[in-house]
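Given next are the chains, with one letter for each unit.
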Amino acid sequence: MSAPPHEARPGVTGARLADTQHGMRRRNLARVMHTVAAHGPLSRASVASRIGLTRAAVSTLVDELTRSGLLEELGPERPGRVGRPGSALAVSARGPVGIGAEVGVDHLSVCAVDLRGDVRARAGRAVGNRGRPPEPVLADLAELIGQVVREAEREGLRPAGLAVAVPGLVARDSHTVVRAPNLDWHRTDVGALLPVELPLTVDNEANFGARAELWLGEGVPDDFLHVSAEVGIGAALVVDGLLLRGSRGFAGELGHVPVRPDGPACPCGGRGCLEQYAGEEAVLRAAGLRQGPDRVGLLVERAADGDEKVRQALRDAGTALGIALTGAVNLLDPRTVVLGGALSRLAPWLIPSLEEELGRRTAGRGCSVTVSRIGSDGPVLGAAHSVVRAVLDDPAGAV
Ligand SMILES: [Zn+2]
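Quick notes on the rules
Residues numbered from 1 in each chain as written. Predicted model: local features only at pLDDT ≥ 70, side-chain atom pairs only at ≥ 80, totals over all residues. Pairing = 2+ DSSP bridges. Helix = DSSP H or I, 4+ residues; strand = E, 2+ residues; numbered from the N terminus. Axes fitted to C-alpha atoms, helices over the stretch in contact; angles between N-to-C directions. Left-handed = near helix turned anticlockwise from the far one by under 90°. Contact = placed C-beta atoms within 7 Å. Nonpolar A, V, L, I, M, F, W, Y, C, P; charged D, E, K, R; others polar. Buried ≥ 20, exposed ≤ 12 C-beta atoms within 10 Å, placed from the backbone.

Caption draft 1: Representation of the sheet that holds strand β15 (residues 368–371) in the model. If you walk across this open sheet you meet the 5 strands as β13-β12-β11-β14-β15, and the pairing is mixed. Both edges of this open sheet fall to β13 (242–244) and β15, since each of them pairs with a single strand only. On average, each strand axis in the sheet is inclined to that of its neighbour by 30°, with strand direction left out of account.

Caption draft 2: Structural context of the sheet that holds strand β7 (residues 169–170). Reading across from one edge, β7-β8-β9 is the order of the 3 strands in this open sheet, with antiparallel pairing throughout. The open sheet has two edge strands with one neighbour each: β7 and β9 (185–189). Direction of pairing for strand β8 (residues 176–180) relative to β9: antiparallel, over a ladder of 4 bridges. The residue bridging Val-177 from the neighbouring strand is Thr-188, located in β9.

Caption draft 3: Expanded view of the packing of helix α9 (residues 295–304) against helix α10 (residues 308–332). Relative to each other, α9 and α10 sit at 115°, their axes nearing to 8 Å. Along this stretch, α9 crosses α10, giving a crossing that reads as left-handed. Residue-level contacts link Leu-299, Arg-302 and Ala-303 of α9 to Val-310, Arg-311 and Leu-314 of α10. Within the contact of α9 with α10, the residues separate by chemical class into 4 nonpolar, no polar and 2 charged.

Caption draft 4: Examining helix α2 (residues 44–51) more closely. Among all positions in α2, only Arg-44, Ser-46, Val-47 and Ala-48 are buried. Trailing α2 by a residue or two, Gly-52 shows a phi angle of about 75°, which is positive.

Caption draft 5: Here's a closer look at the pairing of strand β3 (residues 96–103). Taken across its 8 residues, β3 has 8 buried, putting it largely inside the fold. Residues Pro-96, Gly-98, Gly-100 and Glu-102 of β3 are buried on one face, and the alternating residues Val-97, Ile-99, Ala-101 and Val-103, pointing to the opposite face, are buried as well. Here β3 pairs with strand β6 (residues 158–166) via 7 bridges, running parallel. Looking at the pairing, Pro-96 lines up with Arg-158 of β6. Linking two consecutive strands that pair antiparallel, namely β3 and strand β4 (residues 107–114), is a turn of 3 residues.

Structure representation (structure tokens):
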């Protein structure tokens, strides 16, 4: 590798120089990994021309990544071409996997995603977690994680880390769920309660859902507001491809934006919050339906059958969403609002009134409303992919 341009500059100490070279090597390893992940299979020469390094420098980096099991050689590339064929490189299908997990109000799910982005193992269970203490919920989750890890290991894969999505507020850079009202969890340290020996990340499900949209969604811009719902309603704002977390990590609590300041009391302590009009339970109540195991499925079925009471309840929910989103759109100017999670299944009946309300209140801004194709899998996929991205971002750290 050629020396960094400031090597000869006076005042750079030997230790600092070593740090600089080490940092540059790590960055270059990441550039090679990202390039092959995004555009592979590629020859060494193609990688070199894409990232602007010499072929010799790229070969050294590739050798290191191949030895670490992060890249693999697929054999001669384009054998019909004149000249010595280069060996095509691809991200390894046997290397590290990211384990993603989700604690939902009504379900648990776990999956393993490899460096190519393929789901290699998954497990899930429908279970009512509302009001259950964290210990048994996380013990159940650990069992599913164990199943997925064993299945991945049988295929020669190596779990690189675990990311857990929860429907609640997670203190920034911690494993602590500060408050998850729909689970009734308070100050729950997931790291301490989950008997799994893998590097752990815990985050709000809406944050993982938004990152799944950013990384896996089709035609999703770098600036968008992702809105998802289960029992609660969450949002996550992506600005220039990065998640806006807020000072404490609590950004995106769209469900508690007031729609009618004098409306019904909300468990958060406020009144007339969006959740009181567009949350699953509020919509079911307005539609005259009972609670059941697949509440969203029931709403979809009735709305598709033309049940006018259900359709009206969804129209009203769309209007409430439009009012709540007005503040976010006026303040933050996202390019689009993406409806994800359960909202994506209800979108046909929510969107007309949502767009009407939002359009009236944000005239001329041109913020479109689109529907996620990832839907309810967003949080668990986003969690697993966040581990994969961390490996691509710092392949030296994954070895
Ligand atoms: Zn509230």
